[in-house]
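As a plain string of letters, each chain reads:
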Amino acid sequence: MKEDIRNKLQNVLEDRVFHKTEDCISYGYDGSFGQHIPDFVVQVQSTEEVQSVVRIANEFNMPITPRGASTSLSGGPLPVEKGIIMDFSQWDHYLEIFPEDLLIKASPGVITGDIHKLADEHNLMYAPDPSSSSICTIGGNLAENAGGPRGVKYGVTKDYVLGLEVVTAQGEVIQTGGNTVKNVTGYDLTKLIVGSEGTLGVITEATLRLIPKPLATKTAMILFDDLYTAGKSISTILTSGVRPSKMEILDNNALNRVEDYAKLDLPREASAILLVEVDGDPTILDKELQTIKEALLQIGVDKVDIAENKEDEDKLWQVRKLVSPAIVESGYTKISEDVTLPLSKIPDMFKKIDEIKQKHDLNIVVFGHAGDGNLHPTLNTNMRDQNEVERVEDAVEEIFSYAVQLGGTLSGEHGIGTMKRAFMTKELGESGVQFQKAIKTALDPNNLLNPGKIFPIAGEERLVLRNE
Ligand SMILES: Cc1cc2nc3c(=O)[nH]c(=O)nc-3n(C[C@H](O)[C@H](O)[C@H](O)COP(=O)(O)OP(=O)(O)OC[C@H]3O[C@@H](n4cnc5c(N)ncnc54)[C@H](O)[C@@H]3O)c2cc1C
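The residue count restarts for each chain, going from 1 along the sequence in the order it is written. Thresholds applied to this predicted model are a pLDDT of at least 70 for local features of residues and 80 or more for the giving and counting of side-chain atom pairs; totals over whole chains, interfaces and linings are not thresholded and use all residues. Side-chain calculation: all heavy atoms of the structure are included, whereas hydrogens and water are not.

The name that an unreviewed UniProt entry assigns to the protein chain is Glycolate oxidase, with the source organism given as Lacicoccus qingdaonensis. The protein chain has a UniProt comment under Cofactor (unreviewed entry) that states "FAD". UniProt positions are given in the numbering used here, feature names are shortened, and annotations may be inferred rather than shown by experiment.

**Q** I'd like a rundown of the overall build of the protein chain, residues and numbers included.
**A** Across its full length, the protein chain holds 15 helices and 18 strands. The globule rule puts the C-alpha radius of gyration for 468 residues at 23 Å, and the 23 Å found for the protein chain is close to it. Along the longest, intermediate and shortest principal axes, the C-alpha atoms of the protein chain span 70 × 60 × 45 Å. Whether a residue is buried, partly exposed or exposed follows from its accessible area with a 1.4 Å probe, protein chains only, as a fraction of its type maximum: under 20%, in between, or over 50%, in that order. The burial tally for the protein chain puts 57% of its 468 residues in the buried class. Residue contacts follow a heavy-atom distance rule, with two residues in contact if any of their heavy atoms lie within 4.5 Å. Put simply, 73% of the contacts in the protein chain that link residues at least 6 apart link residues at least 24 apart. Asp and Glu count as negative and Lys and Arg as positive, but His and the ends of the chain are not part of the count. The location of each charge is read from NZ of Lys, CZ of Arg, CG of Asp or CD of Glu. The distance from the centre of the 47 positive side-chain charges to the centre of the 71 negative ones in the protein chain is 2 Å. Only DSSP runs of H or I with at least four residues qualify as helices, and only runs of E with at least two residues qualify as strands; both kinds are numbered from the N terminus onward. Using C-alpha atoms as the atom set, the radius of gyration is obtained and then compared with a globule rule of 2.2 Å times the number of residues to the power 0.38.

**Q** Any chance you could break down the site of the ligand for me, citing the residues and the numbers?
**A** Definition of nearness: a residue and a molecule or strand are near each other if at least one heavy atom of the residue lies within 4 Å of the molecule or strand. Taken together, the neighbourhood of the ligand is formed by 33 residues, with P66, S70, T71, S132 and T137 sitting nearest. One of the backbone N or O atoms of P66 is found 2.6 Å from an oxygen atom in the ligand. Within the backbone of S72, a nitrogen or oxygen atom sits 2.8 Å from an oxygen atom of the ligand. Relative to its free-state accessible area of 980 Å², the ligand is covered by the protein chains to the extent of 93%. For the shell around the ligand, the elements supplying multiple residues, two or more each, are β3 (64-67), α5 (138-144) and β10 (202-209). No other element matches the five residues that α5 contributes to the shell around the ligand. In protein, a polar contact means a hydrogen-donor-capable atom and an acceptor-capable atom, both N or O and within 3.5 Å, with residues adjacent in sequence counting only if both atoms are side-chain atoms; elsewhere, any N or O pair within 3.5 Å suffices. Accessible surface is estimated by sampling points in the Shrake-Rupley manner with a 1.4 Å probe; for residues, cover comes only from the protein chains shown.

**Q** Describe unusual backbone geometry, and please don't skip the residues or the numbers.
**A** Located in the positive-phi region is E14, a residue other than glycine, with phi close to 55°. Take E14: it is sitting in the loop between α1 (2-13) and β1 (17-18). Despite not being glycine, N145 has its phi angle at roughly 50°, a positive value. Inspection of the secondary structure assignment puts N145 in the loop between α5 and α6 (151-154).

**Q** Outline the UniProt feature "domain: FAD-binding PCMH-type" (unreviewed entry) in the protein chain, supporting the account with residue identities and numerical values.
**A** Following the UniProt record, one finds the feature "domain: FAD-binding PCMH-type" (unreviewed entry) at residues 33-213. Counted over residues 33-213, helix gives 22% and strand 24%. Its end C-alpha atoms are 38 Å apart.

**Q** Outline the packing of aromatic side chains, supporting the account with residue identities and numerical values.
**A** The aromatic pairing rule takes the rings of Phe, Tyr and Trp, using the six-membered ring of Trp, and pairs them if the centres are within 6.5 Å, calling planes under 30 degrees apart stacked, those over 60 edge-to-face and the rest tilted. This model, assessed by the stated rule, comprises three aromatic pairs. For the ring pair F88 and W91, a centre distance of 6.2 Å and an interplane angle of 45° mean the geometry is tilted. Residue F88 is classed as buried on the basis of its relative accessible area, which comes to 7%. Their ring planes at 80° and their centres at 6.3 Å tell us that Y126 and Y160 sit as a pair that is edge-to-face. On the criterion of sequence distance, the pair formed by Y126 in the loop between β7 (124-125) and α5 and Y160 in the loop between α6 and β8 (161-167) is long-range, its members being 34 residues apart. Assigned by exposure class, Y126 and Y160 land together as buried. The criterion for a charge sitting over a ring is simple: Lys NZ or Arg CZ within 6 Å of the ring centre, and within 35 degrees of the ring normal. Taking NZ or CZ as reference, K2 lies 5.7 Å from the ring centre of F40, over its face.

**Q** Describe the sheet that holds β1, and please don't skip the residues or the numbers.
**A** Judged by pairing direction, the sheet is mixed, and its four strands sit side by side in the order β1-β2-β4-β3 without closing on themselves. Strand pairing shows two members of the sheet lacking a second neighbour, β1 and β3, which therefore form its edges. Following DSSP output, two strands are said to pair if at least two bridges run between them. Judged from the four bridges that link them, β3 and strand β4 (residues 84-87) form a sheet pairing that is parallel. Looking across to β4, one finds that R67 is bridged to D87.

**Q** Could you give me a rundown of helix α14 (residues 386-405), with the residues and numbers involved?
**A** Every helix has an expected span of 1.5 Å times one less than the residues it contains. For α14, spanning 20 residues, the distance from its first C-alpha to its last is 28 Å, which sits close to the expected 28 Å at 1.5 Å a residue. The inward-facing, buried residues of α14 contact β16 (333-336), α13 (346-360), β17 (364-369), β18 (374-381) and α15 (424-443). Two or three places before N387, at the opening of α14, D385 has a side-chain oxygen 3.2 Å from that residue's backbone nitrogen. Positive phi shows up at G407, right after α14, with a value of about 90°.

**Q** I'd like to hear about the sheet that holds strand β5 (residues 95-98), residue by residue, with values.
**A** If you walk across this open sheet you meet the five strands as β5-β6-β10-β8-β9, and the pairing is antiparallel. Where the open sheet ends on each side, the last strands, each with one partner, are β5 and β9 (173-177). Adjacent strand axes in the sheet meet at a mean angle of 15° when their direction is disregarded. Note: strand β6 (residues 103-106) against β10, four bridges, orientation antiparallel. Bridge pairing in β10 links A106 to A206. Angles shown run from 0 to 180 degrees and are taken between the N-to-C directions of axes, each axis being a line fitted to C-alpha atoms and, for helices, limited to the stretch in contact. The sheet strands contacting helix α3 (residues 47-60) are β8, β9 and β10, and the helix crosses β8 at an angle near 50°. Relative to β5, helix α4 (residues 112-121) is tilted by about 30°, and along the sheet it contacts β5, β6 and β10.

**Q** Help me get a handle on the layout of surface pockets, residues and values and all.
**A** Put simply, the grid is 1 Å and covers the protein atoms alone, a cavity is a trapped set of points that fit a 1.4 Å probe, a pocket is an open set with protein on both sides within 12 Å along at least five of seven lines, and lining residues have an atom within 4 Å of a point. Grid points are joined across faces, edges and corners, and a volume is the space filled by probe spheres set on the points. There is about 850 Å³ of room inside the second largest pocket. Where the lining of the second largest pocket is concerned, the elements lending two or more residues are α5, α7 (189-193) and α15. If you tally residues by element for the lining of the second largest pocket, the top one is α15, at six residues. Residue classes in the lining of the second largest pocket are distributed as twelve nonpolar, 13 polar and nine charged. Here the bounds of each domain stem from an automatic or database domain assignment. Each of domain 2 (95-212) and domain 4 (327-443) gives at least three residues to the lining of the second largest pocket. In the scheme used here, Gly and all other residues not listed as nonpolar or charged are polar, with Ala, Val, Leu, Ile, Met, Phe, Trp, Tyr, Cys and Pro taken as nonpolar and Asp, Glu, Lys and Arg as charged.

So, in C-alpha cells, the structure goes:
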C-alpha cells in the first residue's frame, strides 16, 4: 500500500516526496521532545497541491500533519501517528501588502519576521511578535494563535486575522472572513481555525490586519527586592492609567543565566526585573513612565531605570531576547512551560513555584509576558536521569493544577499539542472536552488532520515529556 501512496503522491509532486528514513528523520522533531518519523514528507507549493495530497490521504486513510518551521514547544507538528508531513518551506512564498486597506496577504510558509519588515517599510505594524519571529512561519502562528511581548497592548495573532483560505479535511477549499475589519456573515470560522493546531484544516493563505506603527518607544527597567512585590507591581502598573506596549519579567534565576551567558552587567542580586516599554507620541512617553514610577512608589518600589537613548533601550531588550539561548546554553533539555493567570494571581503563582522548587529540589527559571499574566516557568532537565524526569513531571503537573485553580489556563500561547493533552479535562471539564471533540469529528470525521493532538488519550494522565 505504501508504494501505491508514494506513486500517487509522486504523480502530483514529482521529486518533492520523501519516504526514506534518512530523508524523513529530520521532520520528526519540533522544539519539544520525542521523535516520530513520518512515512512521507511532501513539499507542497500551491493550494491545489495541498488539495491533491489531502485527497490521496483520504483514499488511503493516512494522517497528515502540517509543519511550519517546527519551533512548536508543545509537540504540534510531530507526526505521532506517522503518515504524511506537509512541509510549506518550498512554496514560492506569496507576501503582498495593501497599505491603503491596512492589510497584508501571505502564503503559509512566510516567515513572520518578513511580514514585520514589509509592514515596517510602509510605516505600518503587524503587531503579533512571537520571540521566535525570525524563524517561525505565519502558518504555525495562526495554528497556535501565537502571542508575544506586544500582546499586553495589542493582543495576539487571532486579533489580526481578517480572513483565511483553508483546505478542509475532505480536500475542499473554503474562505473564512474576508478583507474587511467588520464581517458577521455566518459563524466566525476564522477564529475557529486560528488556534486549532492543524487539526481542522490546512491554512493556505492568510489576510492579516495592520495598524499604524507607533512613532516612538521608551523603556524602563524596574528592579525588585522580592518576587511577591514584582508580581504585585504588574497590576499596579496596568491600573495606573498607562497601557504599556510590553511588560516582560525575569526572575533572579533568569537574570543570572543571562548575565552568565552574555555579561551585560546586570544587577545579579535583584529578585526580579521588569522591562516596561511605552509607545506612541514621543512627547507623552516620559510623562507615562513618570505615572508608572509614581504608582510603583505607592507599593514601595523605587528602583526604576529609564533608558536614555535608543542604544540603551535596545540593550535592555537584549536581556529578554537572550533568556532562551542562555537557558539552553546552561545545559540539558529545556522544558518551557506556558501558564497564564489572572493578573492579580501572579504573586500567588510566584510563591507556589518557589515552594515547588524546594519540594522537588529543582532549578526553575521564571520569565514571561507579565502584562498578559503569561509566565514561562522553565526547567533544564537531564532526560537520562529518570528520577529527575519524574520530579520535573510532578513539578509541572503541580504548576498546571495551581494555574487552573487560580482561574488561569494551561497555555497562553504554546498550544496543547501532545504535551498538555492529558490536562485538558482538568481545565475544560468532561463536557467541555466533548464539545470541542464534536467540532473535530464533524469537520474531520476520519481524524486525518494532525491526529493525537489536543485531546486526552485514554490512560494517559500525566505530562508527556518523552513521547516517542
Ligand atoms: C525560542 C523560541 C521562542 C518562542 N517564543 C514564542 C512566543 O513569544 N510566543 C509564542 O506564541 N510562541 C513562541 N514560541 C513557540 C513557537 O515559535 C510558536 O508556536 C510558533 O507559532 C510555531 O510556528 P512554526 O512555524 O514553527 O510552526 P510549527 O511548530 O511547525 O507548527 C505548529 C503547529 O502549527 C500547525 N501548522 C503549521 N502550519 C500550518 C498550516 N499552514 N495550516 C494548519 N496548521 C499548520 C502544525 O501542525 C502544528 O500543530 C517560541 C519557540 C521558540 C523555540
